[in-house]
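Coordinates in review
As a plain string of letters, each chain reads:
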Amino acid sequence: MFVSGSRHDGDSGAVRSTPLAPQQPQQLPQSQQPSATASAGMLGGMSSVDDPALLQAALNNMSAAPPMSTVPKRAHIPAWLGASPLGRTSMTQEFDGQLAALELACAKTTFPLDSEKPRNYLQKVQFPTPSWYGQTAPNTSDSLEYYLRLAPDTLFFIFYYMEGTRAQLLAAKALKKLSWRFHTKYLTWFQRHEEPKQITDDYEQGTYVYFDFEKWSQRKKESFTFEYKFLEDKDFD
């Protein structure tokens, strides 16, 4: 927009209207011009800025700056710093070897289960039987007289495969009544095949019959020395 100005003409005394040039903004020297960073810092305390160009440059500068993250960061502190706040000591070759041996021992640690004797599990599966078979156990099945009527193979089966039960105890009593003796070293039942050829206070020697529980059969052993210290002679209650 142009503003009209008036001047007097010296000759005619008439007043002529002449257009005036638009007012140019006053330029500051280069050293006095505020920088974009300073302008961006001043925006917080100024309510208005006279120069739109400086305002736009400051806004552009602020938008180009990377935003500051407010998410907390986790600090990574070495584990040895708690025990050695003054720094780690120099490692020797002997100490490295000890640490390697310790790690190998921890990797191959044994468990209590590794030293226990394996136990054979006999699964008890109930199978429906025809009605003409007995469905319940006899009333006298929990007595020694009943077990004495069973075959020796049945008594051996009960003794070896029903461990820790009353049936095992009754089977052991019945085997002792049938002149079988338990050898605690070989965990095997022995019976005299004939009268021993030699008897002392510590042992007796002769021919015996023993039950081989691995092949599940009775075998004969000649010139066998049965030491009394391995004889299970407890009176089971």
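Our structure is the block above this text.
Source: prediction; values computed, not measured. (Residues numbered from 1 in each chain as written. Predicted model: local features only at pLDDT ≥ 70, side-chain atom pairs only at ≥ 80, totals over all residues. Heavy atoms only, no water.)

**So, helix α7 (residues 166–177)**
- With twelve residues, α7 ought to run about 16 Å at 1.5 Å a step, and its terminal C-alpha atoms sit 17 Å apart, in line with that.
- Elements in contact with the buried residues of α7: α5 (144–148), α6 (152–161) and β4 (188–192).
- Following α7 by one or two positions, Ser179 has its phi on the positive side, about 70°. (Helix = DSSP H or I, 4+ residues; strand = E, 2+ residues; numbered from the N terminus. Expected span 1.5 Å × (residues − 1). Contact = heavy atoms within 4.5 Å.)

**Focus on the pairing of strand β7 (residues 217–227)**
- Note: strand β6 (residues 203–212) against β7, nine bridges, orientation antiparallel. Within β7, the residue paired with Tyr208 across the bridge is Lys221.
- In this structure, the hairpin formed by β6 and β7 is closed by a connection of four residues, where Trp216 is found at a positive phi of approximately 55°. (Pairing = 2+ DSSP bridges.)

**Focus: the packing of aromatic side chains**
- Counted by the stated rule, this structure contains 21 aromatic pairs.
- Ring plane angle 85° and centroid distance 5.6 Å describe the contact between Phe190 and Phe226, whose orientation is recorded as edge-to-face. Here Phe226 lies in strand β7 and Phe190 lies in strand β4, a separation of 36 residues in the sequence. One exposure class covers both Phe190 and Phe226, and it is buried.
- With centroids separated by 6.2 Å and ring planes inclined at 90°, the aromatic side chains of Phe224 and Phe226 adopt a geometry described as edge-to-face. (Phe/Tyr/Trp six-rings, centres within 6.5 Å; stacked < 30°, edge-to-face > 60°. Buried < 20%, exposed > 50% of the residue type's maximum accessible area, 1.4 Å probe, protein only.)

**A closer look at the side chain of Glu204**
- Mapped onto the fold, Glu204 is located in strand β6.
- Polar side-chain contacts of Glu204 include one of 2.8 Å to the side chain of Arg192.
- Among the polar contacts listed, one links the side chain of Glu204 to the side chain of Tyr228, at a separation of 2.8 Å.
- Ignoring anything within four residues of it in the chain, the contact list for Glu204 reads Arg192, Pro196, Gln198, Ile199, Phe224, Thr225, Phe226 and Tyr228. (Polar contact = N/O pair within 3.5 Å; in protein donor to acceptor, adjacent residues only side chain to side chain.)

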